[in-house]
Amino acid sequence: MKSEIKTQMTYWDSEADSFQKIYSHEKSPLSVWLDKFFRKDMYERFLFTLEHSAPIENRTFLDVGCGNGLYAVEFALRGAKHVTGIDIAKNMLELCTQFATAKGVQDRCSFIQSDLLEYAVNDIFDISIGIGLFDYIQDAVPVLQKMKQVTTDRVILSFPRFWTWRAPVRKIRLGLRGCPVYFYTKKKLVAVLREAGFQRFEIHSVGKLFCVVAYSANRERS
Ligand SMILES: C[S@@+](CC[C@H](N)C(=O)[O-])C[C@H]1O[C@@H](n2cnc3c(N)ncnc32)[C@H](O)[C@@H]1O
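Residues numbered from 1 in each chain as written. Predicted model: local features only at pLDDT ≥ 70, side-chain atom pairs only at ≥ 80, totals over all residues. Heavy atoms only, no water.

Caption draft 1: Layout of the nonpolar core. Ranked by internal contacts, the top residues of the largest apolar core, which has 40 residues, are W12, F19, F61, Y71, F75, V83 and I129. Of all the secondary structure elements, the ones that give two or more residues to this core are α1 (3-24), α3 (40-53), α4 (70-77), α5 (90-102), β4 (125-130), α7 (166-176) and β7 (209-215). Setting aside its immediate chain neighbours within four residues, F19 contacts W12, M42, N68 and M92. Counting 30 residues, the second largest nonpolar core, distinct from the first, contains V64, L116, Y184 and L193. (Core = buried A, V, L, I, M, F, W, Y, C linked by side-chain atoms within 4.5 Å. Buried < 20%, exposed > 50% of the residue type's maximum accessible area, 1.4 Å probe, protein only. Helix = DSSP H or I, 4+ residues; strand = E, 2+ residues; numbered from the N terminus. Contact = heavy atoms within 4.5 Å.)

Caption draft 2: The site of the ligand, seen in detail. Taken together, 20 residues lie around the ligand, and Y23, G65, D87, I131 and G132 are the ones closest in. Measuring from a nitrogen atom of the ligand, one finds a backbone N or O atom of G65 at 2.7 Å. I131 has a polar backbone atom sitting 2.7 Å from a nitrogen atom of the ligand. Within the complex, the protein chains bury 98% of what would otherwise be the 600 Å² of accessible surface of the ligand. (Near = heavy atom within 4 Å. Polar contact = N/O pair within 3.5 Å; in protein donor to acceptor, adjacent residues only side chain to side chain. Areas by Shrake-Rupley, 256 points an atom, 1.4 Å probe, with all protein chains shown as cover.)

Caption draft 3: Just the packing of aromatic side chains, in detail. Applying the stated criterion to the full structure yields 9 aromatic pairs. Counting every residue linked through ring pairs, the aromatic cluster contains Y11, W12, F19, Y23 and Y136. Over the aromatic face of F210 sits the side chain of R161, whose NZ or CZ is 5.8 Å from the ring centroid. Its guanidinium or amino end placed over the ring of Y184, K188 lies 4.4 Å from that ring's centre, counting from NZ or CZ. (Phe/Tyr/Trp six-rings, centres within 6.5 Å; stacked < 30°, edge-to-face > 60°. Lys NZ or Arg CZ within 6 Å of the ring centre and 35° of its normal.)

Caption draft 4: Geometry of the environment of I124. Here I124 shows up in the loop between β3 (109-113) and β4. In this structure, I124 is in contact with T60, Q149, V150 and T152, ignoring residues within four places of it in sequence.

Caption draft 5: Structural context of the side chain of D153. As for its placement among the helices and strands, D153 is situated in strand β5 (residues 151-160). Within polar-contact distance, the side chain of D153 engages the side chain of R59 at 2.8 Å. There is a polar contact of 3.4 Å between the side chain of D153 and the side chain of R154.

Caption draft 6: Examining the pairing of strand β2 (residues 82-87) more closely. When you tally the buried positions in β2, you get 5 out of 6 residues, the bulk of the element. Bridge analysis of strand β1 (residues 60-64) against β2 gives 5 bridges, and the strand direction is parallel. Opposite L62, over in β2, you have T84 as the bridge partner. On the question of chirality, the crossover connecting β1 to the parallel β2 by way of α4 is right-handed. This β-α-β element, β2 to α5 to β3, shows right-handed connectivity. (Pairing = 2+ DSSP bridges. Right-handed = clockwise from strand over helix to strand, strands pointing away.)

Caption draft 7: Representation of α5. Over its 13 residues, α5 runs 18 Å from end to end, which matches the ideal 18 Å to within 8%, given 1.5 Å per residue. Every buried residue of α5 is accounted for by M92, L93, L95, C96 and A100. For α5, the arc enclosing every buried residue in end-on projection is 155 degrees, short of the 170-degree limit, so these residues lie on one face. Exposed side chains of α5 directed beyond 90 degrees from the buried face belong to Q98 and A102. The inward-facing, buried residues of α5 abut α1, α4, β2 and β3. Within two residues after α5, G104 carries a phi angle of roughly 75 degrees, on the positive side. (Expected span 1.5 Å × (residues − 1). Arc of directions from axis to C-beta.)

Caption draft 8: Focus on a nonpolar patch on the surface. Nonpolar side chains collect at one region of the surface, where L30, W33, L34, F37, F38, W165 and V169 lie side by side and expose about 730 Å² of accessible area between them. Tracing the sequence through the fold places L30 in helix α2 (residues 29-38). Using a relative accessible area of 55% as the deciding quantity, one classes L30 as exposed. (Patch = residues over 30% accessible without salt bridge, like charges linked within 9 Å, V, L, I, M, F, W, Y side chains within 5 Å. Salt bridge = Lys/Arg side-chain N within 4 Å of Asp/Glu carboxyl O.)

Caption draft 9: Here's a closer look at the pairing of β3. Relative to β3, β2 runs parallel, the two being bridged by 5 bridges. In the strand pairing of β3, G85 is matched with F111.

Caption draft 10: Spatial organisation of the side chain of T60. Checked against the element boundaries, T60 lands in strand β1. Contact partners of T60, with chain neighbours within four places excluded, come to K81, H82, I124, F125, D126 and I127.

What follows is the structure, encoded as structure tokens:
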């Protein structure tokens, strides 16, 4: 395993519980307020993803960097045929399994501990998502290429924008905690998407993020 991946794995294993609390709001009222203010786009990207995934029923999903399973379980609850979540952090995947079981959708969810590039994907998915993932990946191109390869319809992604007040704050705060973060200008994002082979994509500004819907060429052939 690459040392970059090991670094991320260690960081996210240690952060799993506090990450989950950003969504569950099991925090002091002040911390919840701060999350709602400073992390508003985390909630907005969730709504963006659901809106652009429609129709969800009977479709198959791949969630790369699935974290604590918020998206995967929501897809399953909304009638997805099957959702596969991949993440490098074991503690995150334990949260996914607990959440899917609590919601009664575990039979339509699989959670795999792996880096996407090291995982031999045997399935083809209607939709793949990579939300809050590319912040932590040094070279997005091979990951995007693989997502495109295994997806027939569309890929939904988020990327942190470079020109925001929060970018340097995150770079320093997470950097000091051993978690490198990567940011994107629109120009760089377009170049990366093209290099990965996407010819058709939409880029939306959502708070301090770019949210992307990129269409797989496979869809045009079918
Ligand atoms: C900020 S969390 C986002 C989780 C979830 N997608 C969400 O938005 O709620 C980032 C996740 O990406 C995972 N991750 C980071 N690098 C990864 C990689 N190379 N392959 C798979 N997962 C990765 C981390 O373990 C972590 O769970």
